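Here is what each chain is made of, one letter per residue.
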Amino acid sequence: MRTPAATIGVIGGGQLARMMHAASIGLGLRLRLLAEGPDVSAAQVVREVEVGDYTDPAVVAAFAAGCEVVTFDHEHVPTPILHDLEAAGVAVRPGPDALVHAQDKAVMRARLAALGVPCPANAVVADEAALVAFGDARGWPCIAKTSRGGYDGKGVWKLDGPQDAHVPFDGLAGLRANAVVIAEEFVDFTRELSVLVARRPGGQAVAYPVSETVQTGGVCTATTTPAPGLRPDQVRDLTAMAMRIADELGVVGILAVELMEASDGRVVVNELAMRPHNTGHWSIDGAVTSQFENHLRAVADLPLGSTAVLAPVSVMVNVLGGSRTDLLGGLADVMAADPALKVQLYGKDVVPGRKVGHVTALGDDVDETRARAWRAARHLIGDDDE
Ligand code: ADP
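Residues numbered from 1 in each chain as written. Predicted model: local features only at pLDDT ≥ 70, side-chain atom pairs only at ≥ 80, totals over all residues. Heavy atoms only, no water.

Visitor: So what's going on with the pairing of strand β1 (residues 7–11)? Residues and values would help.
Guide: On a regular strand, one side chain projects to one face of the sheet and the next to the other, so that they alternate. Burial of β1 is extensive: five of the five residues sit out of reach of the surface. On β1, burial covers both faces: Thr7, Gly9 and Ile11 on one face and Ile8 and Val10 on the other are all buried. Note that β1 and strand β2 (residues 30–35) share five bridges and pair parallel. When the bridges of β2 are listed, Ile11 appears paired with Leu34. In this region the chain leaves β1, passes through helix α1 (residues 15–27) and returns to the parallel neighbour β2; the handedness of that crossover is right-handed. Pairing geometry for β1 and strand β4 (residues 69–72), over four bridges, is parallel. Among the inter-strand pairings, Ile11 is bridged to a residue of β4, identified as Phe72. (Buried < 20%, exposed > 50% of the residue type's maximum accessible area, 1.4 Å probe, protein only. Helix = DSSP H or I, 4+ residues; strand = E, 2+ residues; numbered from the N terminus. Pairing = 2+ DSSP bridges. Right-handed = clockwise from strand over helix to strand, strands pointing away.)

Dropping the structure here:
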C-alpha cells in the first residue's frame, strides 16, 4: 500500500486551483499555493499561499521544497524549471515530459502523428513563403497558430488567402520567443467535443463521458454532457483514444483531449490540456467524482473515483463578465427561479468577457436543461433578453 502524498503544491492561483481547493477539503489533503498575487481567485480561499513568479527557478524551487507533489492550475511553467524540480526529488504531476505536449502544439502534433491519432493536416512553417505553399497545396482558408503562448483563441488565425500570410508572423512578435508558426488544414467543424481522462502514476485511469463544447470567439461558453447524438461506437473509440494518449504520454492528473467533429463525421484532435478543464466543470455537480477531486486523487496517487453521471444530461454555462459588475445582485433571483441549479462564482472582478463563474443544470431533456442554464448565466451577468 503506497502512502498518498499529503501536501500538494499548486502552481497558479486561478479558478481551477480554487476548485481544487474545494475538493481537497473533504479528502483531508493539504494544499499549498504559489499565486501570481495575494488576491487572485484561489489565494482568497487557500490558507497557505506564497506569492511569486512561476518563471523564476528559485521561487518555484523554494515553494516546491515544502510540498510532496507539485501540480498546476495552468501550463505555463517553463520545462527546464520542472526538470530541475524532478532532479531535486520533487514529484511533478503531470511531469515535464508529458506537460510539454500541452505547452507546445508543434511537439503535440508530431507526437500524435507518431501515435496515429487523427489530427488536421499540419506543418511547421518557417516563413511566409512556406505558409503560402501550405495554403496553396491544401487549399484556403487555412489556420495558422503559434506553437506556444496562445490561449483562448489568441494565437490562432484563420487566413483567407496568401495576402494574410504575414498575420501569424506579425502576431508571433507579441507572444513567446521560442514559438514557431504551425499551418493547419481548416476543419469546417460542426461542433467541438472533449474527452477528459484522469490517470494515476501507476497507470490506473478513468474517463468522463464525452462533452459537447461551444466555443465563442475562442472561449468556451457552454458544455453539454454526454454530448448528444454520438453513437456508442464513437463514444467507445474517442474514449479509448483519450485513454491511449494519456497512457502513451504518461500523463498524471486530468488530461483533456479537445476535438473537432467535421460534417462528414470525422473527428480530429485540436489540442491537449493537462489540468482540470473548463469542459469538465459540469462534473462538480453532475458526476459522482468531480474532475477536481480526481485530479487531486491522481496526483496524490490515490485510487480514482467513479465518473458516473448523476443525471441524463448536465449543462454547464460559463458566467462571462457582462453589464452587471455585482454578480451577487442577480444571485437571489437565479436561486429563487431554479432551486436545483448550481452556481459557482470565482471571486474575480467582473471584466467584460472574463470567466468569473459558471452554472450547472442537471436534467432529463437537453433543450430544457440548456435553457435553464443559459437563463441563469444571462441573468447573473445582467444580459437577459427581455
Ligand atoms: P487555444 O490554445 O487558444 O485554445 P486552439 O488551438 O484550441 O487555441 O484553437 C482555438 C479555436 O480555434 C478552437 O477551439 C477552434 O474553434 C479553432 N481552430 C483551431 N484549429 C482549427 C483548425 N485546424 N480548423 C478550424 N478551426 C480551428
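Alright, that's what it looks like, and here's the rest.
Visitor: Can you explain the packing of helix α3 (residues 79–87) against helix α4 (residues 96–103)? Please cite residues and give values.
Guide: Contact geometry for α3 and α4: axes closest at 10 Å, N-to-C directions at 165°. In terms of orientation, α3 lies roughly antiparallel with respect to α4. You can see that α3 and α4 cross each other, and the crossing is right-handed. Mapping the contact onto sequence places Thr79, Leu82, His83 and Glu86 in α3 and Pro96, Asp97, Leu99, Val100 and Gln103 in α4. Looking at the contact of α3 with α4 residue by residue, the classes come out as four nonpolar, three polar and two charged. (Axes fitted to C-alpha atoms, helices over the stretch in contact; angles between N-to-C directions. Parallel < 35°, antiparallel > 145°, perpendicular 65-115°, else oblique. Left-handed = near helix turned anticlockwise from the far one by under 90°. Contact = heavy atoms within 4.5 Å. Nonpolar A, V, L, I, M, F, W, Y, C, P; charged D, E, K, R; others polar.)

Visitor: Let's hear about the environment of Gly14: which residues, and what values?
Guide: Residue placement: Gly14 occurs in the loop between β1 and α1. Note: C-alpha distance between Gly14 and Gly347 (333 residues apart in sequence) is 9.8 Å. Ignoring sequence-local partners within four residues, the contact set of Gly14 consists of Ser41, Ala42 and Asp73.

Visitor: I'd like to hear about the nonpolar core, residue by residue, with values.
Guide: Formed by 44 residues in total, the largest nonpolar core has its most connected members in Ile11, Leu112, Ile245, Val257, Leu259, Val269 and Leu272. The biggest single contributor to this core is helix α8 (residues 232–249), with six residues. Residue contacts for Leu112: discarding those within four places in its chain leaves Val117, Cys119, Ile245, Val269 and Leu272. Membership of the second largest hydrophobic core comes to 21 residues, among which are Leu33, Ala35, Ala43 and Phe292. (Core = buried A, V, L, I, M, F, W, Y, C linked by side-chain atoms within 4.5 Å.)

Visitor: Go over the packing of aromatic side chains with me, naming the residues and quoting the values.
Guide: The tally for this structure, following the rule as stated, stands at one aromatic pair. Judged by centre distance (6.0 Å) and plane angle (90°), the rings of Tyr208 and Trp282 are edge-to-face. On the criterion of sequence distance, the pair formed by Tyr208 in the loop between β11 (205–207) and β12 (211–216) and Trp282 in the loop between β15 (267–273) and α9 (283–286) is long-range, its members being 74 residues apart. Of the two residues, Tyr208 and Trp282, neither departs from the other in class, the shared state being buried. (Phe/Tyr/Trp six-rings, centres within 6.5 Å; stacked < 30°, edge-to-face > 60°.)

Visitor: Could you give an account of the site of the ligand, naming the residues involved and the relevant values?
Guide: The local shell around the ligand holds 20 residues, among which Lys105, Gly153, Glu192, Asn270 and Glu271 are the closest. In this structure, Lys105 approaches the ligand through a side-chain N or O atom, which is 2.8 Å from an oxygen atom. Computed on the free molecule, the ligand has an accessible area of 550 Å², of which 90% lies beneath the protein chains in the complex. For the shell around the ligand, the class distribution of residues is eight nonpolar, three polar and nine charged. (Near = heavy atom within 4 Å. Polar contact = N/O pair within 3.5 Å; in protein donor to acceptor, adjacent residues only side chain to side chain. Areas by Shrake-Rupley, 256 points an atom, 1.4 Å probe, with all protein chains shown as cover.)

Visitor: Explain a negative patch on the surface to me, using residue names and the numbers behind them.
Guide: Together, Asp364, Asp365, Asp367 and Glu368 make up a region of like negative charge exposed at the surface. Within the secondary structure, Glu368 sits in helix α12 (residues 366–381). (Patch = residues over 30% accessible without salt bridge, like charges linked within 9 Å, V, L, I, M, F, W, Y side chains within 5 Å. Salt bridge = Lys/Arg side-chain N within 4 Å of Asp/Glu carboxyl O. Lys, Arg positive; Asp, Glu negative; His and termini not counted. Charge placed at Lys NZ, Arg CZ, Asp CG, Glu CD.)

Visitor: So what's going on with the pairing of β15? Residues and values would help.
Guide: Within β15, six of the seven residues are buried, leaving the element largely enclosed by the surrounding structure. The sheet contact formed by strand β14 (residues 253–262) and β15 spans six bridges and is antiparallel. Bridging from a neighbouring strand, Ala256 pairs with Ala273 of β15. Linkage of β14 to β15, two consecutive antiparallel strands, is achieved through a turn of four residues, within which Gly265 is found at a positive phi near 90°.

Visitor: Report on helix α5 (residues 105–114), specifying residues and quantitative values.
Guide: What α5 keeps buried is the set Lys105, Ala106, Met108, Arg109 and Leu112. Viewed end-on, α5 has its buried residues packed into an arc of 160°, placing them on one side of the element. Turned more than 90 degrees away from the buried face of α5 sit Ala110 and Ala114, all of them exposed. (Arc of directions from axis to C-beta.)

Visitor: Summarise the sheet that holds β2; cite the residues concerned and give the values.
Guide: One open sheet accounts for five strands, arranged β3-β2-β1-β4-β5; its pairing is parallel. On the outer flanks of this sheet lie β3 (48–51) and β5 (91–92), each paired with one strand and no other.

Visitor: Break down the state of the cysteines for me, citing the residues and quoting the values.
Guide: Summed over the entire model, instances satisfying the criterion amount to zero disulfides. Cys119 forms no disulfide, and the closest cysteine sulfur to it belongs to Cys142, at a distance of 16 Å. The exposure class of Cys119 is buried, given its relative accessible area of 18%. (Disulfide = S-S within 2.5 Å.)

Visitor: Lay out the pattern of salt bridges in plain terms, naming residues and giving numbers.
Guide: If you walk through the whole model with that rule in mind, you get 19 salt bridges. Of the charged contacts in the structure, one is a salt bridge between Arg109 and Glu184, with a shortest N-O distance of 2.8 Å. Of this pair, Arg109 sits in helix α5 while Glu184 sits in strand β9 (residues 181–185); the two residues are 75 residues apart in sequence, bridging distant segments of the chain. Taken as a pair, Arg109 and Glu184 share a single burial class, namely buried. Put simply, Lys145 and Glu184 hold a salt bridge, and the shortest N to O gap is 3.3 Å.

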